Amino acid sequence: MARSSAVLAASVAIAALTSPAGAGPPYLTDDPEPPPFGHYEAVFFTMGLEANGIANGALPAMEFNYGGFPDTQLHVMLPVGFASGDERTRFGAADAELGVKYRFVDEDEQGWRPQVATYPQVEIPLGPASNGFANRSVDVFLPLWAQKDVDANWTIGAGGGIWVNPGEKNYGFAGLLLQRKLSDALIAGAEVFHQTPNVEGGAALTGFNVGAVYDFDEHHHLLVSAGRGLQNVTATDQFTWYLGFEFTN
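Let me begin by describing the structure that accompanies this report. (Residues numbered from 1 in each chain as written. Predicted model: local features only at pLDDT ≥ 70, side-chain atom pairs only at ≥ 80, totals over all residues. Heavy atoms only, no water.)

So, on to the pattern of salt bridges. Within this structure, the stated rule accounts for seven salt bridges. Residue Asp-30 pairs with Lys-101 through a salt bridge whose shortest N-O separation is 3.8 Å. Of this pair, Asp-30 sits in the loop between helix H1 (6-14) and strand S1 (40-51) while Lys-101 sits in strand S5 (residues 95-105), and the two are 71 residues apart along the sequence. Residue Asp-30 is classed as buried on the basis of its relative accessible area, which comes to 1%. For Asp-106, the salt bridge is made with Arg-103, and the minimal N-O distance between the two is 3.5 Å. Here the residues in one salt-bridge network are Asp-30, Asp-31 and Lys-101, joined through shared partners. (Salt bridge = Lys/Arg side-chain N within 4 Å of Asp/Glu carboxyl O. Helix = DSSP H or I, 4+ residues; strand = E, 2+ residues; numbered from the N terminus. Buried < 20%, exposed > 50% of the residue type's maximum accessible area, 1.4 Å probe, protein only.)

So, in structure tokens, the structure goes:
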């Protein structure tokens, strides 16, 4: 999606599908937990934001994650961008995303050591930047993510990284997420996040999301979140959403 849409760049960076008990979609704050070796996660979703009275995002979009090696996730995402405003809606090719998540620190369940992973991702334009959805360049995200189960019901995660964006301006993203297990099938969460300006003269973005993951069974999951900005709201994030259906094995 175009880098002028401040939160969408972060949203795509976050979109590494994780186990329903972890972070990642439907949140912007990702998690360090890859799928188990030999298992996969696939999600079909829409996401986006409204700013300056224009809504844009991804519709439809698909992500696939595979536990190709122990503690390692192989990731691909393919979205179609959309923009709705001025009484019309446009669609166009956006950016394919490829990534590898590697967990190099395991959680100490009896102590306070969290699990930690690095998750470099590359975004490759699938169309010309003139279409308003694809980037001008191949961009790279270099983050670290950490997560700790506080007890049987509470989980806290945090992290962030740097976007290397040759087409515009390098910028940073960081997030903090708190989740609570409400039942065997439902986990609710809330996050705050911050993104530095991604274009020269642009505005920084601070915002929040609340969301939930509902397990229909061990293989089918509903992912939903919504939120808005807390800083420079009109220009950056009047409303943000994510809605997805995930399959796991």
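This part is about the side chain of Asn-65. Counting through the fold element by element, Asn-65 comes out in strand S2 (residues 54-69). Judged by its relative accessible area of 0%, Asn-65 is buried. At 2.8 Å, the side chain of Asn-65 forms a polar contact with the side chain of His-75. (Polar contact = N/O pair within 3.5 Å; in protein donor to acceptor, adjacent residues only side chain to side chain.)

Before going further, it helps to spend a moment on the environment of Ile-162. Note on placement: Ile-162 falls in strand S9 (residues 154-164). A relative accessible area of 44% means that Ile-162 is categorised as partly exposed. Between the C-alpha atoms of Ile-162 and Val-105, which are 57 residues apart in sequence, the distance is 21 Å. Residue contacts for Ile-162: discarding those within four places in its chain leaves Val-140, Phe-141, Leu-142, Tyr-171 and Gly-172. (Contact = heavy atoms within 4.5 Å.)

For the rest of this paragraph, the subject is the pairing of strand S7 (residues 121-125). Strand direction decides the pairing type here: S5 and S7, joined by five bridges, are antiparallel. Note that in S7 the partner of Glu-97 across the bridge is Glu-123. Inspection of the sheet shows S7 paired to strand S8 (residues 139-149) by three bridges, in the antiparallel sense. Residue pairing for S8: Val-122 is matched across the bridge by Val-140. (Pairing = 2+ DSSP bridges.)

Among the surface-exposed residues, Tyr-40, Phe-44, Phe-64, Tyr-66, Phe-69, Leu-74, Val-100 and Phe-247 lie close enough to one another that they form a single nonpolar patch of about 690 Å² accessible area. Among the secondary structure elements, those contributing two or more residues to the nonpolar patch are S1 and S2. For the nonpolar patch, the element with the highest residue contribution is S2, accounting for three residues. Structurally, Phe-64 is set in strand S2. (Patch = residues over 30% accessible without salt bridge, like charges linked within 9 Å, V, L, I, M, F, W, Y side chains within 5 Å. Areas by Shrake-Rupley, 256 points an atom, 1.4 Å probe, with all protein chains shown as cover.)

Its location among the elements puts His-194 in strand S11 (residues 186-195). Between the C-alpha atoms of His-194 and Leu-230, which are 36 residues apart in sequence, the distance is 9.6 Å. Once residues within four sequence positions are removed from consideration, His-194 is found in contact with Gly-172, Phe-173, Ala-174, Ala-204, Leu-205, Thr-206 and Gln-231. Of the polar contacts made by the side chain of His-194, one reaches the side chain of Thr-206; its length is 2.7 Å.

The subject of this paragraph is unusual backbone geometry. For residues that are not glycine, phi is negative in most cases, and the peptide bond is trans in most cases. Between Pro-25 and Pro-26 the backbone carries a cis peptide bond, its omega angle lying at 15°. Residue placement: Pro-26 occurs in the loop between H1 and S1. Between Leu-59 and the following residue, Pro-60, the backbone shows a cis peptide bond with an omega angle of -5°. Of note, Asn-52 is a non-glycine position whose phi angle comes to about 55°, a positive value. Asn-52 sits in the exposed class, given a relative accessible area of 52%. At Asp-71, a position not held by glycine, the phi torsion is positive, near 60°. Tracing the backbone through its elements, the reader meets Asp-71 in the loop between S2 and strand S3 (72-85).

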